[in-house]
Amino acid sequence: MLILLKGGRIVDPVNNRDGIGDLWIEDGRIVAPPAGRQPDQIHDVTGKIVMAGAIDIHSHIAGGNVNTARLLLPELHRADAPLQKVLPLASAKWSTFETGVRYAAMGFTTVIEPALAPHQALQGHLELSDVPILDKGALTILGNDDFLLSLLREGEKPGAIADYVAATLAATNGLGLKTINAGGATSFKYNVRAFGLDDAVPFYGTTSRKILEALQQAVDDLKIPHPLHLHANNLGIPGNVSTALATIEAARGKPLHLAHLQFYCYGDEGDHGFSSGAAAVAAAVNAAPNVTVDVGQSMFRQTVTISSDVLRQFNAVGQARPKKSVIFDADAEGGGVVPYHYRETEFANAVQWACGLELFLLIDDPWRVFFTTDHPNGAPFTTYPEVFALLMSREARAEAAARLPQAALAVTTLPSIAREYTLNEIAIMTRAAPAKLLGLKDRGHLGEGGLADVAVYSPDKDIAKMFGAAHLVFKDGDLVVRDGTVTHYRWGKTLKVNPGYDKAMDRRLSGYYDHHFGVSHNMFAVPEHILPRPDPFQEVECAQ
Amino acid sequence: MKPLVLALEQEPDQRLDLSPLSPHRLDGKSAKEIAEIEVQTTREKVTVGDLFRIRPGDAQTIVFEGGSTRLDNVGLGLKGGEIIVEGDVGKCVGRSMSGGNLVVAGDAGPYAGSALSGGRLEIGGNAGDFLGGPLEGELEGVTGGLLIVRGDAGARAGDRLRRGTLVIEGSAGDYPGSRMIAGTLVVLGATGVLPGYLMRRGTIALANPPELAPTFLDCGAHELAFASLSSRLLKPESRGAAKLFSSLLHRFAGDSAALGKGEILFPA
Amino acid sequence: MRPIVRNGVRIDESFAEAFPMRGTAIVITGPNQRWAKQAAVTMTGFATSVIGCGCEAGIDHEISAKETPDGRPGVRVLIFAMSSDTLQTQLVNRVGQCVLTSPGSACFGDLESEDRLQIGDAIRYFGDGWQVSKKFGARHFWRVPVMDGEFLCEATTGLTKKAVGGGNLLIMGATPKTTFRATEAAVAAMNEVKDVILPFPGGIVRSGSKVGSKYKAMSASTNDAYCPTLRGAVATNLDEDIGCVLEIVIDGLNEQAVAKAMRAGLAAILKLGPEDGAVRVGAGNYGGKLGPFHFHLKDLLP
């Protein structure tokens, strides 16, 4: 079927397009205007804005921890009063079905789950395959597992580590490699309650820095497009701005992605011993072209923090709102689920909010700063439209800031920042750059041959309204959303890499699992046929 | 002034959500506006006017003539004023109410008085399971006010009770006062198994205690000024409860499987 | 100036000058009247004057078992101080040392007011974690385990900022014997009035004071103008037929209660007449410049 989107303002930074024009779609791909043919379907999008489908690189939408959060907080899901138009606390809901629907309604077509624990990979993929409409992907976690730490302790060569990483990615169908407070969760098991970049992991002798370097090297050796995705040490601790700066240094000029950097921008100055260090971190990011970051913006509402950083989550249990939580000290990372309510009246929450916005606005290159709320840790992904409004309008920021404790704003630079994101920059940050970062050449742009993932928005003075309900959304050329409502359900693919490795590693792992656990190594693998839908994966080429 | 009367004309053919029919939500509404309020819980639309004959009056007092176990959420979130039901109600009657007086002449379903925080809820007949308890995931059941059941209550009455007083004049099902955080629960009839299961603090007074769990520890029989105080304060609401508290009381402390600072009292 | 004379007793054209105070009321109950009263007497001991004792306290009246919150005999105690903070400190110290310790006692707030003072909210910590909180409607109680069972204590009581301290009568008679008789009759009558206490020993003070002293360290000293043994040596206020002066000081939860007590006291004195009782009644003041409440004797006559 030949589809024409006629007369919209096409914003496509990859192809340097920002102007009125037509967009042609055929067989799920964007095509050149076909000479002499009549379209089967015409959508008049005059006055609308046409962008590629948005890509979220870091959103916890599937896996064991996400599921534990659902179990912990049934009250956030309850349709308490069926007559209410808006469900209570709808903003913190995340069933797989709703995840797909709500992302699609905002014009998102690809979402990456950033924390797939290797031994829970099946649960993660079952949930991902239950998310409708979107393409998905998952980043596999390593960095606290006994096998890797033992390799490092034994001083094994980088080749062995790369083989292990590749074998794990292959078994778990990961799109990239994530490490979470490397060594911290393992240290937690030995009653360590604070763990920095150069602290040694008990009994393994290695440090967070060494684990980080080894995994960075492995990603490089395997030519995995997405750089190592790092959840650094000391998340959320006042004064951790020094950790952020040291971690940027520790990348030694090699590609590194720093996740939810907002949570690492805290100084310890001022009367409350809590201030924003975002300006210093942004300056360091600006000076380190090898580093990419996503923000993890926090917004004021009820949410739940979900993390495999068990050490951090354990320390946060006292701040749970409501007062309940789950901490589990499982193999490797373990994890913790701690509900939290960010409040406008709270000094620290106000500083956190400002920190995130400072990062967005002070990092100059939109190709290196990514749009996330670390869903649901900073805020549910349903708040994205509000965040877009804050980025694109200084006035909206001032209005929101006026409701906060002014003493909190005084320890940030936010009030002095005038920058407003342009539509083109938004398109880079949410489309072009994520595709590049993940090595997805087929999306994030509207050039010929690209996937026909397209979002059409109706310009509105109310920016949140504009991004909250897309006028039209196409996934692989299928019209799936009309005016914010899903009109057609379909199933997307899960993106994965398949780096080659020496199969001797499989034998070695089999021996390890057999010896330590008495189970077969491949019982944790996720072969295609286990998943409920045919042909669930799309492979992303390993070539940097 | 005359109360607002809603006379149920026939047994409804679906469960109804009557939460919109509270004094604070009907204040200033005409009979016509009240008749148009939707109360269905399925896709079949049902309005107040379809079900009830409305006799206009001051909505500060609402009288339901007739009742049905399909009337859910009666008096949900009641803040003040009065609701009188001259029949049965379904689940969640008086849930989250914070003030006012709610009287049900007949039986109530599960979660009656769930998360009550103030005011007074009286059930003339029997109540279902989880009397005053929280819904799934919520941390607290009743946090204030007074809840009286003249008949029997189902299992787990007073689950996660935090503050306030529950009096069951009939018998209570299994696990009354389960996971109690604090507060007072009185049962005058028979009691099912394991009262006070995992209670942290609070008082359970039982006229006819079953065998207690071994995690409740015998602290002996005592004359307590607190008991005579309770007796006097409860007398206007329940003579039976007043009588129970005026006797010499045997005290068992527990549940020592949880915090262990609660107590079960019964006549020595 | 012609003195007012009633039943042969001369009444000064004078007034009692009184001051605003902070006041509170509690009820102490016990297993029987004797032990309820014992706790009350102990906690109101050494509480005659704010100057030396921190507060002024006394028993308002006894309460029958039917009227107390826990159905046991009780006593109502009033406490007054110059500031809310002092009153709070004194209340908790006195309940903690004298009521908590008294066998079988319980303690309840007995004053309706928006402003609250802690009782049980402070004393609960004695329970070392075993204290139990109980709420009935708006009332909040603490149960503190003690060696004879439990100390039941209401969390808070009311605080009034409209209390009045320093209402007084000066009773002047020919001899100590007749003066005593008149004063005791007045005390008995005033004790019947609710919401007031007479903080001095048995309701009576014999060492009335004036402001200032020849000694630097003393802010107040003996009221020489009313000392009969100095009648010839100083500028006396006493007539030749006066050989003894006693004073009654009244603190009340409000101005009306103080006036009512003074009226009752005056009536009792006047009823006795000059032969068996007082020949003259006066009232102490500072010229009306210091205290806002002026109780004129002529307005309080029966």
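Reading the values: the criteria
- Residues numbered from 1 in each chain as written.
- Chains lettered and ligands numbered in written order.
- Predicted model: local features only at pLDDT ≥ 70, side-chain atom pairs only at ≥ 80, totals over all residues.
- Heavy atoms only, no water.
- Helix = DSSP H or I, 4+ residues; strand = E, 2+ residues; numbered from the N terminus.
- Rg over C-alpha atoms; globule rule 2.2 N^0.38 Å.
- Buried < 20%, exposed > 50% of the residue type's maximum accessible area, 1.4 Å probe, protein only.
- Contact = heavy atoms within 4.5 Å.
- Lys, Arg positive; Asp, Glu negative; His and termini not counted.
- Charge placed at Lys NZ, Arg CZ, Asp CG, Glu CD.
- Buried area = accessible area lost by both parts, 1.4 Å probe.
- Salt bridge = Lys/Arg side-chain N within 4 Å of Asp/Glu carboxyl O.
- Core = buried A, V, L, I, M, F, W, Y, C linked by side-chain atoms within 4.5 Å.
- Patch = residues over 30% accessible without salt bridge, like charges linked within 9 Å, V, L, I, M, F, W, Y side chains within 5 Å.
- Areas by Shrake-Rupley, 256 points an atom, 1.4 Å probe, with all protein chains shown as cover.
- 1 Å grid on protein atoms, 1.4 Å probe; cavity = no way out; pocket = protein on both sides within 12 Å on 5 of 7 lines; lining within 4 Å.
- Points joined across faces, edges and corners; volume = space filled by probe spheres on them.
- Domains from an automatic or database assignment.
- Axes fitted to C-alpha atoms, helices over the stretch in contact; angles between N-to-C directions.
- Parallel < 35°, antiparallel > 145°, perpendicular 65-115°, else oblique.
- Nonpolar A, V, L, I, M, F, W, Y, C, P; charged D, E, K, R; others polar.
- Pairing = 2+ DSSP bridges.
- Arc of directions from axis to C-beta.
- Polar contact = N/O pair within 3.5 Å; in protein donor to acceptor, adjacent residues only side chain to side chain.
- pLDDT = per-residue confidence, 0-100.
- Phe/Tyr/Trp six-rings, centres within 6.5 Å; stacked < 30°, edge-to-face > 60°.
- Disulfide = S-S within 2.5 Å.

It is not clear to me how the overall build of chain A should be interpreted in this structure. Could you clarify?
Within chain A, the secondary structure is distributed over 17 helices and 24 strands. Since a compact globule built from 544 residues should have a radius of gyration of about 24 Å, the 22 Å found for chain A is in line with a globular shape. Each principal axis of the C-alpha atoms in chain A carries an extent, and together these give about 70 × 55 × 50 Å. The 544 residues of chain A split such that 62% are buried. The long-range fraction of contacts in chain A, counting pairs at least 24 apart against all pairs at least 6 apart in sequence, stands at 76%. Seen as two clouds, the 48 positive and the 60 negative side-chain charges of chain A have centres 2 Å apart.

Would you explain the overall build of chain B in this entry?
Counting its secondary structure elements, chain B contains five helices and 15 strands. For 268 residues, the compact-globule estimate of 2.2 N^0.38 gives 18 Å, and the C-alpha radius of gyration of chain B, at 19 Å, lies within 12% of that figure. Along the three orthogonal principal directions, the C-alpha set of chain B runs to about 60 × 35 × 25 Å. The long-range fraction of contacts in chain B, counting pairs at least 24 apart against all pairs at least 6 apart in sequence, stands at 41%. Seen as two clouds, the 28 positive and the 32 negative side-chain charges of chain B have centres 6 Å apart.

How should the interface of chain B and chain C be read in this particular structure?
Interface size is commonly expressed as the accessible area that is lost once the parts come together. On the side of chain C, 20 residues touch chain B, which itself brings 19 residues to the contact. Roughly 1,600 Å² is buried in total at the junction of chain B and chain C, and carbon and sulfur atoms are behind 60% of that figure. The interface formed by chain B and chain C holds one salt bridge in total. For Glu263 of chain B, the salt bridge is made with Arg143 of chain C, and the minimal N-O distance between the two is 2.5 Å. For the side of chain B that touches chain C, the elements supplying multiple residues, two or more each, are strand E10 (163–168) and helix H4 (225–234) of chain B.

I tried to follow the nonpolar core on my own but got confused; where do I start?
Nonpolar side chains tend to gather and get buried jointly when the protein is soluble and globular. Of all hydrophobic cores here, the largest spans 148 residues; its most connected members are Leu261, Trp353 and Phe360 of chain A. By residue number, the principal contributor to this core is helix H11 (residues 347–362) of chain A, which donates 10 residues. Excluding residues that lie within four positions of it along the chain, Leu261 of chain A makes contacts with Ala244, Val281, Val285, Val293, Asp294, Val295 and Leu359 of chain A. Ranked by size, the runner-up nonpolar core spans 56 residues in total, among them Leu21, Leu71, Val104 and Leu116 of chain B.

When you look at a nonpolar patch on the surface in this model, what are you seeing that I'm missing?
A contiguous nonpolar surface patch, about 320 Å² in accessible area, is contributed by Tyr175, Val193, Tyr197 and Leu198 of chain B. By relative accessible area, Leu198 of chain B is classed as partly exposed at 33%.

For this particular structure, what's the right way to read the layout of surface pockets?
Where empty space is left can be seen by rolling a probe of water-molecule size over the atoms. All names here are of chain C. As a volume, the largest pocket reaches approximately 1,000 Å³. Only strand E3 (15–29), helix H2 (50–53), strand E12 (160–173), strand E14 (209–211) and strand E16 (244–252) provide two or more residues apiece to the lining of the largest pocket. When residues are assigned to domains, the lining of the largest pocket turns out to be shared by domain 1 (4–18 + 163–300) and domain 2 (22–160), each giving three or more.

Explanation requested: the packing of helix H4 (residues 146–153) of chain A against helix H7 (residues 208–221) of chain A in the structure shown.
Relative orientation and spacing of two packed helices are given, respectively, by the angle between their axes and the distance between those axes. Residues and elements named next belong to chain A. The N-to-C vectors of H4 and H7 enclose an angle of 100°; their axes lie 11 Å apart at closest approach. As far as their axial angle goes, H7 and H4 are roughly perpendicular. Touching Leu148, Leu149 and Leu152 of H4 are Ile211, Ala214 and Leu215, all from H7. Taken together, the residues of the contact of H4 with H7 break down into six nonpolar, no polar and no charged.

What's the story with the pairing of strand E9 (residues 139–146) of chain C in this structure? I'm lost.
The side chains of a regular strand alternate between both faces of the sheet. Residue and element names in this part refer to chain C. By the bridge criterion, five bridges tie strand E8 (residues 132–136) to E9 in an arrangement that is antiparallel. Its bridge partner being in E9, Lys134 is matched across the sheet by Phe141. Hairpin remark: E8 followed by E9, antiparallel, with two residues in the connecting loop; positive phi at Gly137, about 60°. Sheet analysis places E9 next to strand E10 (residues 149–154), joined by six bridges and oriented antiparallel. Paired with Trp142 across the strands is Cys153, a residue of E10.

Explain helix H1 (residues 33–43) of chain C here, please?
Because an α-helix completes one turn every 3.6 residues, residues spaced three or four positions apart along the sequence face the same direction. Residue and element names in this part refer to chain C. Listed in full, the buried residues belonging to H1 are Ala36, Ala39, Ala40 and Met43. The buried residues of H1 occupy an angular sector of 95° when projected down its axis, which confines them to one face. Elements that come into contact with the buried residues of H1 comprise E3, strand E4 (56–63), strand E5 (74–81) and helix H3 (84–99). In this structure Asn32 caps H1, since a side-chain oxygen of it lies 3.2 Å from the backbone nitrogen of Arg34.

So what exactly am I meant to see when it comes to the confidence of the model for chain A here?
Interpretation of this model should avoid reading the predicted coordinates in detail wherever pLDDT is low. Model confidence for chain A is summarised by a mean pLDDT of 93, while 97% of its residues fall at 70 or above. This stretch, residues 79–92 of chain A, has a pLDDT under 50; its non-local contacts, to residues over four places away or in other chains, come to 25 contacts.

Explain the packing of helix H5 (residues 158–172) of chain A against H7 of chain A here, please?
Residues and elements named next belong to chain A. Relative to each other, H5 and H7 sit at 75°, their axes nearing to 9 Å. Between H5 and H7, the crossing angle belongs to the class labelled roughly perpendicular. Contact with H5, carried on its side by Pro158, Ile161, Ala162 and Val165, involves Ala214, Leu215, Gln217, Ala218 and Asp221 of H7 and no other residues of that element. The residue inventory of the contact of H5 with H7, partitioned by class, reads seven nonpolar, one polar and one charged.

When you look at unusual backbone geometry in this model, what are you seeing that I'm missing?
For residues other than glycine, phi is negative in most cases, and the peptide bonds are mostly trans. Residues and elements named next belong to chain A. In the segment running from Arg321 into Pro322, the intervening peptide bond is cis, with an omega of -5°. Looking at the secondary structure, you find Pro322 in the loop between helix H10 (310–316) and strand E16 (326–328). At the junction of His375 and Pro376, the peptide bond is cis and its omega measures out at -5° in the coordinates. By the secondary structure assignment, Pro376 is in the loop between strand E18 (369–370) and helix H12 (384–392).

Which parts of the structure should I look at to understand the arrangement of the chains?
Most contacts, among the two pairs of chains that meet, fall between chains B and C. At the C-alpha level, the nearest point of chain A lies 21 Å from chain C, with no contact between them.

I'm lost on the side chain of Asp12 of chain C in this one. Help?
All names here are of chain C. Within the secondary structure, Asp12 is located in the loop between strand E2 (9–11) and E3. We classify Asp12 as buried; its relative accessible area is 16%. Excluding residues that lie within four positions of it along the chain, Asp12 makes contacts with Met172, Arg280, Val281, Gly282 and Leu297.

Would you take a moment to explain the packing of aromatic side chains for this structure?
Two measures describe an aromatic ring pair: the distance that separates the ring centres and the angle between the ring planes. For the coordinates displayed, the defined rule picks out 30 aromatic pairs over all chains. Seen from their ring centres, Tyr190 of chain A and Phe203 of chain A are 4.8 Å apart, and the 50° between their planes marks the pair as tilted. With Tyr190 of chain A in the loop between helix H6 (184–188) and H7 and Phe203 of chain A in the loop between H6 and H7, this pair connects stretches of sequence that are 13 residues apart. Using a relative accessible area of 62% as the deciding quantity, one classes Phe203 of chain A as exposed. Summarising the aromatic geometry, the rings of Phe19 of chain C and Tyr286 of chain C are spaced 6.0 Å apart at their centres and angled 55° between planes, so their arrangement reads as tilted. Here Phe19 of chain C is found in strand E3, whereas its partner Tyr286 of chain C is found in the loop between strand E17 (278–282) and strand E18 (293–296), with 267 residues between them in sequence. Among the residues examined, Phe19 of chain C registers a relative accessible area of 24% and is labelled partly exposed.

Just to check I follow, could you spell out the state of the cysteines for this structure?
Covalently bonding the sulfur atom of one cysteine to the sulfur atom of another cysteine gives a disulfide. In the structure shown here, the tally under the stated rule is zero disulfides over all chains. Unpaired in this structure, Cys53 of chain C has its nearest cysteine sulfur neighbour in Cys55 of chain C, at a distance of 7.2 Å.

Looking at this structure, how should I read the pairing of strand E2 (residues 17–26) of chain A?
Residues and elements named next belong to chain A. Here strand E1 (residues 2–12) runs beside E2; their pairing, made up of nine bridges, is antiparallel. Looking at E2, one finds that Gly8 is bridged to Gly21. When E2 meets strand E3 (residues 29–31), the two strands line up antiparallel, connected through three bridges. Across the sheet, residue Trp24 finds its bridge partner in E3, namely Val31. Where E2 hands over to E3, the hairpin turn is made up of two residues, of which Asp27 adopts a positive phi near 55°.

It is not clear to me how helix H8 (residues 241–250) of chain A should be interpreted in this structure. Could you clarify?
Residues and elements named next belong to chain A. Along H8, the residues classified as buried are Val241, Thr243, Ala244, Thr247, Ile248 and Ala250. Looking at the buried residues of H8, the elements they touch are H7, strand E10 (229–231), strand E11 (256–258), strand E12 (266–267), helix H9 (278–286) and strand E14 (291–294). Just downstream of H8, Arg252 is the residue with a positive phi angle, here 50°.

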